[in-house]
Amino acid sequence: MSDIAENVTFKRDSGDILNIDQKYVGLKARQNGILTVNFRSPEEEMNKIKYFFEGLMTSEPIKLDIGETGDIECYFKGISPLLEKKDGVGLNYFFLSVTLQELKEFEEEPQTGGCCF
């Protein structure tokens, strides 16, 4: 049995929290700390997801916690239009994509004065 919980939690500085079952969430890491979060869920879940993210401003801080493993600090970058689709057996589902920028701690490069000891 895994110690990682089966949920993904998003937290705003305002205190708003969105807790979603991981089966509805797909994550893709891209260059420069960009995270694409894809949501594919029934309408009821999607309404909660859409409500949470539509209120965010670009560059607003947000925390992401995958399976209760600890917060990943990010900035909100944008949200895609909501799409309604049908799966292989004709059932409706909804798709939404959110882009986040992971906050990275940049280590300072050692300053060299031309001579490298």
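In this report, we go over the structure that sits alongside the text.

Conventions used here
- Residue indices begin from 1 for each chain and proceed along its sequence in written order.
- Reporting in this predicted model follows two pLDDT cut-offs: at least 70 for local features of residues, and 80 or more for side-chain atom pairs to be given and counted; totals over whole chains, interfaces and linings ignore these cut-offs and use all residues.
- The basis for the side-chain values is all heavy atoms of the structure; hydrogens and waters are excluded.
- Only centres within 6.5 Å qualify two rings of Phe, Tyr or Trp (six-membered ring in Trp) as a pair; their planes then separate them into stacked at under 30 degrees, edge-to-face at over 60, and tilted for everything else.
- Labels follow the DSSP assignment, with helices taken as runs of H or I lasting at least four residues and strands as runs of E lasting at least two, numbered in each case from the N terminus.
- The cut-offs for exposure are 20% and 50% of the maximum accessible area for each residue type, with area from a 1.4 Å probe on protein chains only; residues under the lower value are buried, those over the upper are exposed, and the others partly exposed.
- Placement of a charge over a ring requires the Lys NZ or Arg CZ to be within 6 Å of the ring centre, with the centre-to-atom vector within 35 degrees of the ring normal.
- Residues belong to a common nonpolar core when they are buried Ala, Val, Leu, Ile, Met, Phe, Trp, Tyr or Cys residues joined through side-chain atoms within 4.5 Å.
- Should any heavy atoms of two residues lie within 4.5 Å, those residues are counted as being in contact.

Considerations on the packing of aromatic side chains
Consideration 1: Counting across every chain of the model gives five aromatic pairs.
Consideration 2: When the ring of phenylalanine 39 is compared with that of phenylalanine 53, the centres are 5.7 Å apart and the planes differ by 45°; the resulting orientation is tilted. Of this pair, phenylalanine 39 sits in strand E4 (residues 34–41) while phenylalanine 53 sits in helix H1 (residues 43–54); the two residues are 14 residues apart in sequence, bridging distant segments of the chain.
Consideration 3: Overall, phenylalanine 53 belongs to the buried group, its relative accessible area being 0%.
Consideration 4: Here the aromatic cluster, defined as three or more aromatic residues joined through ring pairs, consists of Phe10, Phe39, Phe52, Phe53 and Phe76.
Consideration 5: Here arginine 12 stacks its cationic end above the ring of phenylalanine 52, 5.9 Å away from the centre of that ring.

Here's the deal with the nonpolar core
Consideration 1: Among the nonpolar cores identified, the biggest contains 22 residues, and Phe10, Phe39, Ile49, Phe53, Ile62 and Leu100 are the most heavily contacted of them.
Consideration 2: At the level of elements, strand E1 (7–12), strand E2 (17–21), E4, H1, strand E5 (61–66), strand E6 (71–79) and strand E8 (92–102) are the ones that each hand at least two residues to this core.
Consideration 3: Each residue touching phenylalanine 53, except ones within four places of it in the same chain, is listed here: Phe10, Leu18, Phe39, Ile62, Phe76, Ile79 and Val98.

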